[in-house]
Amino acid sequence: MTQDENKEGIKGMANPGRYGIERIAYLLMRLTGLGLLGYFIAHVYETSNILRGRMGWDEFLALTQTTEGHIFLVLVIGMCVFHTGNGIRIMLGHGGVGVGKPARPDYPYDPASQNYRHKIGIYSSIVLAAVAMMYGMAVMFGE
Amino acid sequence: MAQVSSIAEEQATTPLSASKSVLLRISRFNPETDESNKFMEFSVPYQKWTTVLEAILDVKKHFDHSVAVRYSCRQATCGSCGMLINGKPRLACFTKISELNSNVVTVEPMNNFPVIRDLAVKFERLFDTHQKIKPYLIRDDTELESDEKEFLQSPEELENFIQFANCIKCGLCNSACPTMTTDSSFVGPQALAQAYRYVADSRDKGKDSRLDIIDESHGIWRCHFAGSCSQVCPKGVDPAMGIQFLRGYLLGFRS
Ligand code: HEM
Ligand code: SF4
Ligand code: FES
């Protein structure tokens, strides 16, 4: 079936190279969404350790005090910030906010929906995520 | 297996003054006999204004008549000649070789459409989904019955949808869409943009029935506003804009 319709499949879906920053944001939104979902499940599992009493809780929490744990948490911070920032942009876009106004198209037909407002939204989500990650690193690796 | 040939100068339709040549790689595939596609390579002379379609037709004329390609208008109007050109969906008749900035031009059939042969793909599903959203004015009365000879519309009302009426059903948007890379049931940006074209038409009264049609699990909700459709559209339709406006109605952002 896939062969039949000459579909690009997941590889084409995840190939961010051809269609500008909007397609990169699409991919990052998916990856961070799935990452956060994974973190959320792990988080529920982690906090359930409290049922093993204080010892179990402390034992598991110690994992986040290692270098690997810090790196993991920095990634979570970045995913959270990008996903939230870009998520707000997408929700507005999905409602038809900031996607431009219909007009008689003229060559070279730059699409109004792919406008600077949304590009700024994407870039600022990335920058905010980077800043938050740096702050997180400073706090966790500091001293 | 590559087969490199070059067009004899006296035969080329491109004028002899053409000093530059480009390596044209054409994907060959017959689903009835072949396991997978193979590329054939041709060295083709070109001018600043030579289109990819003209280069393919040169190859057909001088080297291999059996290359399957669909075209008609040669002026971005009929929507026949969509294909992947250097990896991106474009109209072959609307893409100049010179604008690609590459010594190699690779042409392949569009993705997300079944291949008939070589560069020609089947459009049945595109036309089906287009038809599904009722691409015509829906009203209780008709032009013939009413006293007025025609439905009046102001220039401002026309501006609301004229951009979307530019669609030539070339399918480039459906080929670029990330949802269509995996979902065979998605209604697709072409049809969704046309749903908006009629919903936005002041003469049309079919908004509710069209919103019903696209409000299903493989309908509008599979759009993630990646915008690739709008970036490849050769007519400035901007399907992504129309789709978000439609979703605005369904989400209550617009009325
Ligand atoms: C304030 C916080 C959040 C906002 C504003 C937000 C917003 C969004 C939006 C708008 C989408 C749809 C994107 C699209 O249409 O492509 C989305 C997708 C998603 N979100 Fe969130 N989200 C938030 C928090 C979270 C959290 C905490 C999780 C995990 C537990 C999560 C997991 C996901 C997943 C798995 C997807 C699907 C990704 C995809 O299919 O591309 N999100 N989010
Ligand atoms: S919306 Fe644009 S890309 Fe899509 S079929 Fe119509 S003209 Fe082609
Ligand atoms: S030949 Fe008609 S659109 Fe290219």
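Residues numbered from 1 in each chain as written. Chains lettered and ligands numbered in written order. Predicted model: local features only at pLDDT ≥ 70, side-chain atom pairs only at ≥ 80, totals over all residues. Heavy atoms only, no water.

## Here's the deal with the overall build of chain A
For step 1, the next point in the chain: When helices and strands are counted, chain A shows six helices and zero strands.
For step 2, the next point in the chain: Counting from the amino terminus, helix and strand elements in chain A follow one another as α-α-α-α-α-α.
For step 3, the next point in the chain: In summary, chain A has a C-alpha radius of gyration of 20 Å against a globular reference of 15 Å for 143 residues, an excess of more than 25%.
For step 4, the next point in the chain: Seen along its three principal axes, the alpha-carbon backbone of chain A occupies a region of about 70 × 45 × 25 Å.
For step 5, the next point in the chain: Out of the 143 residues in chain A, the part that is buried amounts to 36%.
For step 6, the next point in the chain: The contacts in chain A between residues at least 6 apart in sequence include a share of 61% that link residues at least 24 apart. (Helix = DSSP H or I, 4+ residues; strand = E, 2+ residues; numbered from the N terminus. Rg over C-alpha atoms; globule rule 2.2 N^0.38 Å. Buried < 20%, exposed > 50% of the residue type's maximum accessible area, 1.4 Å probe, protein only. Contact = heavy atoms within 4.5 Å.)

## Observations concerning the coordination of the iron atom of ligand 1
For step 1, the next point in the chain: Just one protein atom donates to the iron atom of ligand 1; it is H83 of chain A (NE2), sitting 2.0 Å from the metal.
For step 2, the next point in the chain: With respect to the helices and strands, H83 of chain A occurs in helix 5 (residues 67-94). (Donors = N, O, S within 2.8 Å, 3.2 Å for Na, K, Ca; no water.)

## Overview of the domain arrangement of chain B
Think of interface size as the accessible area that goes away when the parts come together; that is how it is often given.
Residues and elements named next belong to chain B.
For step 1, the next point in the chain: Parsing chain B into structural domains produces domain 1 (13-121) and domain 2 (124-251).
For step 2, the next point in the chain: Put simply, the middle of domain 1 and the middle of domain 2, counted by C-alpha atoms, are 30 Å apart.
For step 3, the next point in the chain: Taken residue by residue, the interface counts 15 residues in domain 1 and 15 residues in domain 2.
For step 4, the next point in the chain: When the area that domain 1 buries against domain 2 is broken down by residue, the three leading residues are P89, N112 and F113, summing to 45%.
For step 5, the next point in the chain: Counting every contact that joins domain 1 to domain 2 gives zero salt bridges.
For step 6, the next point in the chain: Joining domain 1 to domain 2, the criterion identifies four residue pairs in polar contact (both at pLDDT 80 or more).
For step 7, the next point in the chain: Residue assignment for the side of domain 1 that touches domain 2 shows that the elements contributing at least two residues are strand 4 (82-85) and strand 5 (88-91). (Domains from an automatic or database assignment. Buried area = accessible area lost by both parts, 1.4 Å probe. Salt bridge = Lys/Arg side-chain N within 4 Å of Asp/Glu carboxyl O. Polar contact = N/O pair within 3.5 Å; in protein donor to acceptor, adjacent residues only side chain to side chain.)

## Observations concerning the site of ligand 2
For step 1, the next point in the chain: Neighbouring ligand 2 are 13 residues, the closest being C167, C170, G171, C173 and C233 of chain B.
For step 2, the next point in the chain: Classifying every residue of the shell around ligand 2 gives nine nonpolar, two polar and two charged. (Near = heavy atom within 4 Å. Nonpolar A, V, L, I, M, F, W, Y, C, P; charged D, E, K, R; others polar.)

## A short note on the pairing of strand 3 (residues 38-46) of chain B
Consecutive side chains of a regular strand alternate in pointing toward one face of the sheet and then the other.
Residues and elements named next belong to chain B.
For step 1, the next point in the chain: Burial analysis of strand 3 places seven of its nine residues in the buried class, which makes it a mostly covered element.
For step 2, the next point in the chain: Inspection of the sheet shows strand 2 (residues 20-28) paired to strand 3 by nine bridges, in the antiparallel sense. When the sheet's bridge partners are listed, S27 is paired in strand 3 with F39. (Pairing = 2+ DSSP bridges.)

## Some points on the packing of helix 6 (residues 207-214) of chain B against helix 8 (residues 239-251) of chain B
Residue and element names in this part refer to chain B.
For step 1, the next point in the chain: At a minimum axis separation of 11 Å, helix 6 and helix 8 run at an interaxial angle of 100°. Considering the angle they form, helix 6 stands roughly perpendicular to helix 8. Together, K207, L211 and I214 of helix 6 and L246, Y249 and L250 of helix 8 make up the contact between the two elements.
For step 2, the next point in the chain: Residues belonging to the contact of helix 6 with helix 8 are distributed by class as follows: five nonpolar, no polar and one charged. (Axes fitted to C-alpha atoms, helices over the stretch in contact; angles between N-to-C directions. Parallel < 35°, antiparallel > 145°, perpendicular 65-115°, else oblique.)

## Focus: the packing of aromatic side chains
All names here are of chain B.
For step 1, the next point in the chain: Per the stated rule, a full pass over the model turns up nine aromatic pairs over all chains.
For step 2, the next point in the chain: Between Y196 and F245 the ring centres are 5.5 Å apart and the planes differ by 45°, which places this aromatic pair in the tilted class. Linking Y196 in helix 5 (residues 188-199) with F245 in helix 8, this pair joins segments that are 49 residues apart in sequence.
For step 3, the next point in the chain: Here F245 falls in the buried class, since its relative accessible area comes to 4%.
For step 4, the next point in the chain: Geometry around F39 places R25 over its ring, the cationic atom sitting 4.3 Å from the centre.
For step 5, the next point in the chain: Across from the ring centre of Y249, 5.0 Å away, lies the NZ or CZ of R254, which sits over that ring. (Phe/Tyr/Trp six-rings, centres within 6.5 Å; stacked < 30°, edge-to-face > 60°. Lys NZ or Arg CZ within 6 Å of the ring centre and 35° of its normal.)

## Topic: the interface of chain B and chain A
For step 1, the next point in the chain: Tallying the contact residues gives 48 residues for chain B and 38 residues for chain A.
For step 2, the next point in the chain: Here chain B meets chain A over a buried area of about 3600 Å², counting both sides, of which 55% is carbon and sulfur.
For step 3, the next point in the chain: Interface area lost by chain B to chain A is led by T181, F225 and Q231 of chain B, which between them contribute 17%.
For step 4, the next point in the chain: Taken together, the connections running from chain B to chain A amount to one salt bridge.
For step 5, the next point in the chain: Put simply, E159 of chain B and R104 of chain A hold a salt bridge, and the shortest N to O gap is 3.1 Å.

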